[in-house]
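The chain contents come next:
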Amino acid sequence: MPYIVDFKNVSTEGLESSPVAEALAGLRANEARYYKNKYDHDFTVSPASEVPEVVDRVSRILKEERDIVIESRPLEATAFEVDGLRMDYVFYESGLSINVMYSIEDGGKRAVGFKLTDGMDIPEELESRFKFARQKSKLAGVIRGSYFVIKGQY
């Protein structure tokens, strides 16, 4: 069942099986706050099992663009459109969050972003391929992030 992420009262709902559930909930809330403040969009997530098409689309892009297969179990996912962008998010049990930003217009921005929660190790499948920059968040502590530009059509 989909629910709107509350960034004022951070909850681990749906993320309890993660060893970094508190930090992952903070990361998810950080994303919710961003979309609410920038686009007035309510960030709504569903259990990954209820939106397999989102998880499959993200997995396909990772595999086809960079031959990456995420080993961690997806817990939650969402897909929505804001300001001409199709956004897909998957939150994984390990504490990893992956988003795909895909401009609906040809020639627009298209990228995959990775965010690592505070307290998790860099997943082996990403460690040698990306450098992660740090940013501080009141909701999520220290977030490490990286990205790559999508070259194909999806």
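Fair warning: this is a prediction, and the values are worked out from it, not measured in the lab. (Residues numbered from 1 in each chain as written. Predicted model: local features only at pLDDT ≥ 70, side-chain atom pairs only at ≥ 80, totals over all residues. Heavy atoms only, no water.)

Novice: Please clarify how the overall build of the protein should be interpreted in this entry.
Specialist: Summing up its helical and strand segments, the protein has 3 helices and 8 strands in all. For the protein, the α and β elements follow one another from N to C terminus as β-α-β-α-β-β-β-β-α-β-β. Relative to the 2.2 N^0.38 estimate, which gives 15 Å for 154 residues, the radius of gyration of the protein is 14 Å and therefore close to what a compact globule would have. If you line up the protein on its principal axes, its C-alpha atoms span 40 × 35 × 30 Å. Counting every position in the protein, which comprises 154 residues, the buried fraction comes to 51%. On the protein, roughly 8,200 Å² of surface is accessible, and the fraction owed to carbon and sulfur atoms is 47%. Across the protein, the mean location of the 21 positive side-chain charges is 7 Å away from that of the 26 negative side-chain charges. (Helix = DSSP H or I, 4+ residues; strand = E, 2+ residues; numbered from the N terminus. Rg over C-alpha atoms; globule rule 2.2 N^0.38 Å. Buried < 20%, exposed > 50% of the residue type's maximum accessible area, 1.4 Å probe, protein only. Areas by Shrake-Rupley, 256 points an atom, 1.4 Å probe, with all protein chains shown as cover. Lys, Arg positive; Asp, Glu negative; His and termini not counted. Charge placed at Lys NZ, Arg CZ, Asp CG, Glu CD.)

Novice: Any chance you could explain the side chain of Thr 78 here in plain terms?
Specialist: Position of Thr 78 relative to the elements: it lies in strand β3 (residues 74-82). There is a polar contact of 2.5 Å between the side chain of Thr 78 and the backbone oxygen of Thr 44. (Polar contact = N/O pair within 3.5 Å; in protein donor to acceptor, adjacent residues only side chain to side chain.)

Novice: Explanation requested: the pattern of salt bridges in the structure shown.
Specialist: Where side chains of opposite charge bring their charged atoms close, a pairing between them can arise. Counted according to the given criterion, the structure contains 9 salt bridges. For the salt bridge of Glu 76 with Arg 28, the shortest nitrogen-to-oxygen distance reads 2.6 Å. Of this pair, Glu 76 sits in strand β3 while Arg 28 sits in helix α1 (residues 21-39); the two residues are 48 residues apart in sequence, bridging distant segments of the chain. Across the salt bridge formed by Lys 63 and Asp 67, the nearest N and O atoms sit 2.5 Å from each other. The exposure class assigned to Lys 63 is partly exposed, which follows from its relative accessible area of 42%. If you follow the salt bridges from partner to partner, you end up with Lys 36, Asp 40 and Asp 42 in one network. (Salt bridge = Lys/Arg side-chain N within 4 Å of Asp/Glu carboxyl O.)

Novice: Is there a simple way to think about the nonpolar core in this case?
Specialist: If you look at soluble globular proteins, the nonpolar side chains tend to sit buried side by side. Ranked by size, the top nonpolar core spans 26 residues in total, and within it Leu 62, Ile 70, Leu 96, Ile 98, Val 112, Phe 114 and Leu 126 carry the most contacts. It is helix α2 (residues 52-66) that provides the largest number of residues to this core, a total of 5 residues. Ranked by size, the runner-up nonpolar core spans 21 residues in total, among them Leu 24, Tyr 35, Leu 75 and Val 82. (Core = buried A, V, L, I, M, F, W, Y, C linked by side-chain atoms within 4.5 Å.)

Novice: Help me out: how do you make sense of the environment of Phe 7 in this one?
Specialist: Within the element layout of this structure, Phe 7 appears in the loop between β1 (3-4) and α1. If near-sequence neighbours (up to four positions away) are discounted, Phe 7 is found in contact with Ala 29, Ala 32, Arg 33, Lys 36 and Leu 139. (Contact = heavy atoms within 4.5 Å.)

Novice: For this particular structure, what's the right way to read the sheet that holds strand β2 (residues 44-47)?
Specialist: Note: strands within a sheet are paired through backbone hydrogen bonds, in either parallel or antiparallel orientation. Here 8 strands make up an open sheet; going across it, the order is β1-β2-β3-β4-β5-β6-β8-β7 and the pairing antiparallel. Bordering the open sheet on either side are β1 and β7 (133-137), each of which pairs with just one other strand. Bridge analysis of strand β4 (residues 85-92) against strand β5 (residues 96-103) gives 7 bridges, and the strand direction is antiparallel. Residue pairing across strands places Tyr 89 opposite Asn 99, the latter belonging to β5. Along the sheet, α1 makes contact with β1, β2, β3, β4, β5, β6 (110-116), β7 and β8 (141-149), crossing β4 at roughly 165 degrees. Most of the contacts of α2 go to β4, to which it runs at about 95 degrees, and overall it touches β3, β4, β5, β6 and β8. (Pairing = 2+ DSSP bridges. Axes fitted to C-alpha atoms, helices over the stretch in contact; angles between N-to-C directions.)

Novice: Is there a simple way to think about the pairing of β3 in this case?
Specialist: As a general feature of sheets, a regular strand has side chains that alternate between the two faces. Two elements, β2 and β3, share 2 bridges in a ladder whose sense is antiparallel. Residue Pro 47 lies in a different strand from β3, and its bridge partner there is Glu 76. With 8 bridges connecting them, β3 and β4 associate as antiparallel partners. Paired with Glu 81 across the two strands is Arg 86, which belongs to β4. Connecting the antiparallel pair β3 and β4 is a turn made up of 2 residues, with Asp 83 showing a positive phi of about 50 degrees.

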